[in-house]
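Each chain is listed here by its residues.
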Amino acid sequence: MEPATRDALRLSILEIRSLTTVFGPNPARALRSLRSGASDEQIAASGHVIALRDINLRICEGEIFVLMGPSGSGKSTLVRHCNRLIAQTDGQVLVQGLDLATQSPSALRALRRTQISMVFQAFGLLPHRTVLDNVAFGLELQGLAVRERRARAMTIIEQVGLEGWELRMPAELSGGMRQRVGLARALCVETPIVLMDEPFAALDPVIRELLQNDLLELQRRFGKTFVFITHDVDEAIRLGSRIGILDKGRLLQVGTPLEIILNPVSPTVAGFVRHVNRSRAIPLSAALEPRAGDDRRPPSERSVGNRSVEERSVEERSVEERSEDLLLDARQPLEDVLPHLLVSTNRVGIQQDGQFLGLVSRQRVSELLRGPG
Ligand SMILES: Nc1ncnc2c1ncn2[C@@H]1O[C@H](COP(=O)(O)OP(=O)(O)O)[C@@H](O)[C@H]1O
Ligand SMILES: [Mg+2]
């Protein structure tokens, strides 16, 4: 087996192959008509809805995979396939390599308990239980002994900054803290894969941002894999390791937030990301001045000779020696360099983890902010 193939198999924790889902009285017949050329109107006239069309997707271990799309695009349908709350009309869903369609009911139950769980409504707390027992509630449903579930719940409670509140009742907490208890409960599940269907949709922006930070922090800490649904593009960009864009049952594009912002594959995708605050969403690493190192040609063909002495010395000096310039981190957003570029022609360096990466290109910044068209 090719190393690349082996790698892909190892890392793909959830895989969707050629998945098509039709709702209606006779999905199989509707699918046959579709394949033999019936139009969407004809399918609709027969009382069927094509919710998903030929979806192919691999979700990797430890990522936050965000499914984004407008209402009715098929997000909830797709995520429900992932733990087989609904059955597909065609195609396959594999969790850790297991084809869900071939699992017995008891095997499926075990899978949902130990491998993949769905967070429906993260924030409805039980009013007569302490914070601790609210957080441990999911584990109780899974049948864990009381000591074990409380110990695990405490870890998460500390993680979301609710230490000291564990024996309080929900009514004693502020609104923001209650939401955190809800998130902690959702994340207290044992499974390595967690499915979340628009968990933050109903929250006010301030609390929402706090919970997004909590989620990112918990994901870094525990390394779980999340499939997170949202119709909010800013949330998708903030949270997603990668984003899949759904529209009318089709998966239009899968990529990192930056790939999708910089290279939308179609006008539809470009339309979804049009209102993104580019200065905030694009990191400085994208605005690096092109250097010889970016040249794909072999060294013998590169004309090193015409690079200025200064340019070369820039690369050779360490970060410490370059303290006369403004030095920003590659992960900072473009907006952090704008005030400087507006008033000064001094050069701005970019570093990451103590390594000097190069200079900010004013030209690149301008292109990145302008976007396509
Ligand atoms: N149980 C169902 N029966 C019939 N149609 C459904 C059912 N569930 C979803 N649909 C239809 O499938 C499409 C996708 O729905 P859904 O997955 O809920 O979208 P989203 O979560 O992106 O808003 C919609 O047209 C919806 O009306
Ligand atoms: Mg939905």
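Residues numbered from 1 in each chain as written. Chains lettered and ligands numbered in written order. Predicted model: local features only at pLDDT ≥ 70, side-chain atom pairs only at ≥ 80, totals over all residues.

**A short note on unusual backbone geometry**
So, step 1. For glutamine 96, which is not glycine, the phi dihedral falls at a positive 50°.
So, step 2. One can find glutamine 96 in the loop between β4 (90-95) and β5 (98-99).
So, step 3. Unusually for a residue other than glycine, aspartate 353 sits at a positive phi of about 50°.
So, step 4. Among the residues examined, aspartate 353 registers 9 C-beta atoms within 10 Å and is labelled exposed. (Helix = DSSP H or I, 4+ residues; strand = E, 2+ residues; numbered from the N terminus. Buried ≥ 20, exposed ≤ 12 C-beta atoms within 10 Å, placed from the backbone.)

**Some words on the pairing of strand β9 (residues 242-247)**
So, step 1. As paired elements, strand β3 (residues 64-68) and β9 share four bridges and run parallel to each other. Paired with phenylalanine 65 across the bridge in β9 is arginine 242.
So, step 2. Here β9 runs beside strand β10 (residues 250-255); their pairing, made up of five bridges, is antiparallel. Bridging across to β10, leucine 246 finds its partner in leucine 251.
So, step 3. Linking β9 to β10, which pair antiparallel, is a turn of two residues; within it lysine 248 sits at a positive phi near 50°. (Pairing = 2+ DSSP bridges.)

**Thoughts on the site of ligand 1**
So, step 1. Taken together, the residues surrounding ligand 1 are Phe23, Val49, Ala51, Gly69, Ser71, Gly72, Ser73, Gly74, Lys75, Ser76 and Thr77.
So, step 2. Ranked by residue count, the leading element in the shell around ligand 1 is helix α4 (residues 75-81), at three residues.
So, step 3. Looking at side-chain class alone, the shell around ligand 1 contains three nonpolar, seven polar and one charged residues. (Near = placed C-beta within 6 Å. Nonpolar A, V, L, I, M, F, W, Y, C, P; charged D, E, K, R; others polar.)

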